[in-house]
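A look at the structure
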Amino acid sequence: MLAITVWAAITIAVATGASCFLSRLQIVEAIAACSLIWIALWLMVTLIFGRLYCSTVCPAGTVFDIVARLNRLTSKRRRRYHYNYHRPMSKTRYSFTAFILLCALLGLSVITAIFDPYGSWSRMVVAVIRPAAVSIAGFIVAAATAIVWISFSLRRGRLLCNTVCPVGTLLGVCSKASLFHPDINTDLCTNCGECSDACKSECIDIFSHTIDTSRCVVCFDCMDICPNGALTYRRGRHQLSIPMLQPIGEPPAISTADAAANDVKPLDRRAFLVTGAVIVSSLASEATHKVKRHGDSAGLLTPLNPVTPPGIKSRRDFMTRCTACGHCVAACPSGTIVISGSQYGLRHILLPVIDFSESFCRYDCVSCTDVCPTDALMPLTPSEKHKTPIGKARINTTDCILYADDKPCGRCARRCPVKAIEIIHDSSTGRSAPHVSLDNCIGCGACVYVCPSTPLKAIVIEGIE
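The paragraphs below set out a description of the structure included in this document. (Residues numbered from 1 in each chain as written. Predicted model: local features only at pLDDT ≥ 70, side-chain atom pairs only at ≥ 80, totals over all residues. Heavy atoms only, no water.)

Right, let's talk about the nonpolar core for a bit. If you look at the biggest cluster of nonpolar residues, it comprises 91 residues, and the most contacted ones within it are Tyr53, Trp149, Phe318, Leu350 and Cys447. With 6 residues, helix α9 (residues 117-129) is the largest single contributor of residues to this core. Those residues in contact with Cys447 that lie beyond four places of it in its chain are Ala393, Cys412, Ile421, Ile459 and Ile461. Grouped together as the second largest cluster of nonpolar side chains are 14 residues, Cys199, Ile204, Cys226 and Ala230 included. (Core = buried A, V, L, I, M, F, W, Y, C linked by side-chain atoms within 4.5 Å. Buried < 20%, exposed > 50% of the residue type's maximum accessible area, 1.4 Å probe, protein only. Helix = DSSP H or I, 4+ residues; strand = E, 2+ residues; numbered from the N terminus. Contact = heavy atoms within 4.5 Å.)

Below, the structure written as structure tokens:
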């Protein structure tokens, strides 16, 4: 019930664009924000109680459980997970984590964004409630992530948590030494297999009466289903009352025939390569799409530098801290902030970017800076935002109807909230043209929005480094 409540609160907050402290509790976001308090808190909680984060706060884990539970309820045989025990895929989980950490160090934010469980879920929510603010690459990644989540959780429950998710792997290292953990009382256990069938993490070995605490998410399902009360959550290990019954040796390995009989399909190289091919193809299609979108069809000049949302310390800091969770996209009342395609380059696909093709950044609005969980967008007051430029206007006078067609206009100068544009008469040509004061311009895009020039706007906002 706690996990459902937290998941619902996070989903509603993302959908409504509201600020939610639960987003700052997420581990990847806490690391990106360098929040030592939350990092230390989860480290302490994991060392004492195990992976409570995965079973209560992580929205992706709750989605896995919901899908698996629905599958169980709708199954004709009303069977449980029927996964039984599987050996830990240690090489896979540590390889994935090392790869993701390496990508983070190299600045490949698209990889860390894809594998961040919280950011992946919030982007799915944004893709549903604001499809117009999501690029084609964002849609493809969100759809592919949803398909992978559903397909794996239907068959293997928390397999993704214990093989692909870097948060689960890092917490699993700590939970191995947790003070409290589930334990099997061998004197009471009858090897009925109920606990193993109910375990969503496939970590209960009924042959050796052991539980892999690095994979256990402390959901207590096994304790609820055990008919003999043989499973308890305790400190230390239960000691056999009759030592002669102490199990010895390694548990028997699951053969290929047994795996086929149990309808088990492990994560293999083919599935990984197919997923990678989908992502790579999405990047290529998005690059082509963006060229078309920001060309003639959008009616805008293509800026040399994309415009970031307000509140960044620097572009490098923004790209390092942002986890592409999409909170700012959902919170933007004007719909100016969108999930990017190739504007920042292929390394930073999915990060938020400002698109002036449909609207402009409101002068007094600071909603995006209020909801950012990683401080990639630092909180601003309206007065601070008035003094913080996000870009600079660039005017192409050859497309300006005031200068090129000698028609009365001046909308950009009248609409500019900081009076950074003025109309200057050129005595040599006898025509007037708008001129931008770069010292005053804050890059809000209001001038772009009202510019009547067609087919191309005469004004474009250039992002600042």
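We are not done yet, so read on.
Before going further, it helps to spend a moment on helix α6 (residues 59-74). For α6, spanning 16 residues, the distance from its first C-alpha to its last is 22 Å, which sits close to the expected 22 Å at 1.5 Å a residue. Residues Pro59, Ala60, Gly61, Thr62, Val63, Phe64, Asp65, Val67 and Ala68 constitute the buried set of α6. (Expected span 1.5 Å × (residues − 1).)

Time to look at the side chain of His348. Positionally, His348 belongs in the loop between β5 (337-339) and β6 (352-354). His348 sits in the buried class, given a relative accessible area of 5%. Only 2.8 Å separates the side chain of His348 from the side chain of Ser109, close enough to count as a polar contact. Ignoring any residue separated from it by four or fewer positions in sequence, one finds His348 in contact with Gly107, Ser109, Val110, Met319 and Ser340. (Polar contact = N/O pair within 3.5 Å; in protein donor to acceptor, adjacent residues only side chain to side chain.)

This structure, assessed with the given rule, holds 9 aromatic pairs. Seen in terms of ring centroids, Phe64 and Trp149 are 5.3 Å apart; in terms of plane orientation they differ by 80 degrees. Their pairing is edge-to-face. With a gap of 85 residues between them, Phe64 in helix α6 and Trp149 in helix α10 (residues 136-156) connect regions that are remote in the sequence. What makes Trp149 buried here is its relative accessible area of 9%. (Phe/Tyr/Trp six-rings, centres within 6.5 Å; stacked < 30°, edge-to-face > 60°.)

Here we come to the packing of α9 against α10. The N-to-C vectors of α9 and α10 enclose an angle of 115 degrees; their axes lie 10 Å apart at closest approach. With respect to the hand of their crossing, α9 and α10 are arranged in left-handed fashion. From α9, Pro117, Ser120, Trp121, Met124 and Ala127 reach across to α10, where they touch Phe139, Ala142, Thr145, Ala146 and Trp149. In terms of residue class, the contact of α9 with α10 is made up of 8 nonpolar, 2 polar and no charged. (Axes fitted to C-alpha atoms, helices over the stretch in contact; angles between N-to-C directions. Left-handed = near helix turned anticlockwise from the far one by under 90°. Nonpolar A, V, L, I, M, F, W, Y, C, P; charged D, E, K, R; others polar.)

When the terminal C-alpha atoms of α10 are compared, their 30 Å separation across 21 residues agrees well with the 30 Å that a helix rising 1.5 Å per residue should span. In the segment just after α10, Gly157 is the residue with positive phi, at about 60 degrees.

Let's shift gears to the state of the cysteines. Following the criterion strictly, the structure yields 0 disulfides and no others. Here Cys226 stays free of any disulfide, with the sulfur of Cys192 as its closest cysteine sulfur at 6.0 Å. The thiol of Cys365 is not disulfide-bonded; the next cysteine sulfur, from Cys332, is found 6.2 Å away. With a relative accessible area of 18%, Cys365 lands in the buried category. (Disulfide = S-S within 2.5 Å.)

Quick look at the pattern of salt bridges now. Within this structure, the stated rule accounts for 8 salt bridges. Connected via shared salt-bridge partners are Asp65, Arg158, Lys200 and Asp221. (Salt bridge = Lys/Arg side-chain N within 4 Å of Asp/Glu carboxyl O.)

Glancing now at the pairing of strand β8 (residues 421-426). Here 6 bridges tie β8 to strand β9 (residues 431-436), and the two strands are oriented antiparallel to one another. Bridge assignment links His425 to a residue of β9, and that residue is Ser432. In textbook terms, the turn of a hairpin is the stretch between consecutive antiparallel strands, and for β8 and β9 this stretch comprises 4 residues, one of which, Gly430, has a positive phi near 80 degrees. (Pairing = 2+ DSSP bridges.)

By the secondary structure assignment, Asn162 is in the loop between α10 and α11 (166-175). Among the polar contacts made by the side chain of Asn162, one reaches the side chain of Arg51 at a distance of 2.6 Å. Setting aside residues no more than four positions away along its own chain, Asn162 makes contact with Arg51, Arg93, Ser201, Ser214 and Arg215.

Take a nonpolar patch on the surface next. A cluster of nonpolar side chains, namely Ile31, Leu36 and Ile39, defines an oily patch on the protein surface of about 290 Å² accessible area. Locating Ile31 in the fold gives a position in helix α3 (residues 27-32). Judged by its relative accessible area of 46%, Ile31 falls in the partly exposed class. (Patch = residues over 30% accessible without salt bridge, like charges linked within 9 Å, V, L, I, M, F, W, Y side chains within 5 Å. Areas by Shrake-Rupley, 256 points an atom, 1.4 Å probe, with all protein chains shown as cover.)

Most peptide bonds adopt trans geometry, and most residues besides glycine take a negative phi value. Thr454 connects to Pro455 through a cis peptide bond whose omega is 0 degrees. Phi at His209 takes a positive value of approximately 60 degrees, unusual for a residue other than glycine. Turning to its location among the elements, His209 is positioned in the loop between β2 (204-205) and β3 (210-211). Of the residues examined, His209 reaches a relative accessible area of 16% and is grouped as buried. With a phi angle near 90 degrees, Leu350 is a residue other than glycine that sits in the positive phi range. Along the chain, Leu350 turns up in the loop between β5 and β6.

Any link to function would need more than the numbers given here.
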